[in-house]
Amino acid sequence: MTRLDSPDAVRRALLAEDHLVDEGLATALHLAVDLGLPLLLEGEPGVGKTGAAAALARALGSRLHRLQCYEGLGPHEALYEWNYQRQLLAIRLAEAQGSAIGEEDLFSERFLEDRPLLACLRHDGPVPPVLLIDEIDRADDEFEALLLEFLGERAITIPEFGTVRAAGPMVVVLTSNRTRELHDALRRRCLYHWIDFPGPDQVTAILRHRVPDASGDLVAAIGRGVSRLRELDLDKAPGMAEAIDWARVLAALGADVPDPAAVAPSLGAIAKTPDDLAAVGRAIREGALG
């Protein structure tokens, strides 16, 4: 396990995993690991919330358990589920052998399937697991209440099986794009950090690290350009993922300098709707990369 005993250690460890973070985010991640408190990361789509949690798991040498939230998410997808097919086979096998199978046998551990929350509770190893609850703002209020109980008790009660408590510490990271407001009770339970979209210099530094094949002039132009494009009234403002893809596409096309004619074929990497393609193309012709 990599020792993340300071924010600077977190920055170095995540850099080794190709993920650059600033001092504020490094401090928040360090505290989440050191204190064992859940960390809520908010920010616009594409600023690196999910990537930060994934990089943290790699840096720790730990398993990442990711729960992607969506409307209608319930306990069977998040907590646990019984393997009904295996239970039915066990019943038929017992009947064929002329024996009986009791309820305690049917609802035993061999038929219990872990979902992300239960898997983290039952994790048994020297390195704490990392639980990523992604886009919690997309889940329903009912699931948010269930999650609040899980975070408070670090336990799950399964009616047919009993209560499962955490075998050890875990690192919990929640992300939100703020499509709706989260309950105050959940916010109070967590450490909080807002991730801004990086400025031109930081975008350039990230691109130099992630797309080493791109020329220095090109990544500097993209760093300036993405920041300017985000000021436009676009349907979908480009995030870091789009900026990285754009740099890769331009490098693959052999673009060396931010020439509008050379950039034009690559706009599908940065603009995702017809209106955005037109607006981005016009901005680049008017010097957005200069």
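Residues numbered from 1 in each chain as written. Predicted model: local features only at pLDDT ≥ 70, side-chain atom pairs only at ≥ 80, totals over all residues. Heavy atoms only, no water.

Another aspect to go through is the sheet that holds strand β1 (residues 39–42). Backbone-to-backbone hydrogen bonds join strands into a sheet, with any given pair of strands oriented parallel or antiparallel. On the basis of which strands lie adjacent, the open sheet formed by five strands has the order β2-β5-β8-β1-β9 and parallel pairing. Each end of this open sheet is capped by a strand with a single partner; those strands are β2 (64–68) and β9 (191–194). On average, adjacent strands in this sheet sit at an angle of 20° to one another, irrespective of strand direction. The sheet contact formed by strand β5 (residues 130–134) and strand β8 (residues 171–176) spans four bridges and is parallel. (Pairing = 2+ DSSP bridges. Helix = DSSP H or I, 4+ residues; strand = E, 2+ residues; numbered from the N terminus. Axes fitted to C-alpha atoms, helices over the stretch in contact; angles between N-to-C directions.)

Turning to the pairing of strand β6 (residues 155–158), a few remarks are in order. Here β6 pairs with strand β7 (residues 162–165) via four bridges, running antiparallel. Residue Thr157 lies in a different strand from β7, and its bridge partner there is Thr163. Hairpin connection of β6 to β7: three residues between the antiparallel strands.

Moving on to the UniProt feature "domain: AAA+ ATPase" (unreviewed entry) in the protein chain. The sites that UniProt annotates as "domain: AAA+ ATPase" (unreviewed entry) are residues 35–201. End C-alpha to end C-alpha, residues 35–201 measures 32 Å, and it is 37% helix and 23% strand. (UniProt positions renumbered as here; feature names shortened; annotations may be inferred.)

Before going further, it helps to examine the environment of Val249. Tracing the backbone shows Val249 in helix α12 (residues 240–252). The partly exposed category is assigned to Val249, whose relative accessible area is 29%. Between the alpha carbons of Val249 and Asp124 there is a distance of 43 Å; along the sequence they are 125 residues apart. Apart from the residues within four sequence positions on either side, Val249 is in contact with Ser266 and Ala269. (Buried < 20%, exposed > 50% of the residue type's maximum accessible area, 1.4 Å probe, protein only. Contact = heavy atoms within 4.5 Å.)

Going through the model one piece at a time under the given rule, you end up with zero aromatic pairs. One residue, Arg230, lies across the ring of Phe197, its end atom 3.9 Å from the ring centre. (Phe/Tyr/Trp six-rings, centres within 6.5 Å; stacked < 30°, edge-to-face > 60°. Lys NZ or Arg CZ within 6 Å of the ring centre and 35° of its normal.)

Take the environment of His193 next. With respect to the helices and strands, the residue His193 is situated in strand β9. Along the chain, His193 and Ala255 lie 62 residues apart, while their C-alpha atoms are 37 Å from each other.

This next bit is on the domain arrangement of the protein chain. Domains assigned within the protein chain are domain 1 (7–80 + 109–195) and domain 2 (200–286). Listed per partner, the contact involves seven residues of domain 1 and nine residues of domain 2. Both sides together, the interface formed by domain 1 and domain 2 hides about 660 Å², and carbon and sulfur atoms give 49% of it. Considering only the surface of domain 1 that becomes buried against domain 2, Asp18, Leu20 and Gly46 emerge as the three largest contributors, covering 63% of it. On inspection of domain 1 and its partner domain 2, the count reaches one salt bridge. We note a salt bridge from Arg230 to Glu44, for which the minimum N-O separation is 2.7 Å. Across the contact surface, domain 1 and domain 2 share five residue pairs in polar contact (both at pLDDT 80 or more). (Domains from an automatic or database assignment. Buried area = accessible area lost by both parts, 1.4 Å probe. Salt bridge = Lys/Arg side-chain N within 4 Å of Asp/Glu carboxyl O. Polar contact = N/O pair within 3.5 Å; in protein donor to acceptor, adjacent residues only side chain to side chain.)

Before going further, it helps to examine helix α11 (residues 216–229). Between its terminal C-alpha atoms α11 stretches 20 Å, which fits the 20 Å expected from 14 residues at 1.5 Å a residue. With ten of 14 residues buried, α11 lies mostly within the body of the structure. Inspection of α11 places Leu218, Val219, Ala220, Ala221, Ile222, Gly223, Gly225, Val226, Ser227 and Leu229 among the buried residues, and these make up the whole buried set. Against α10 (200–210), α12 and α14 (274–285) lie the buried residues of α11. (Expected span 1.5 Å × (residues − 1).)

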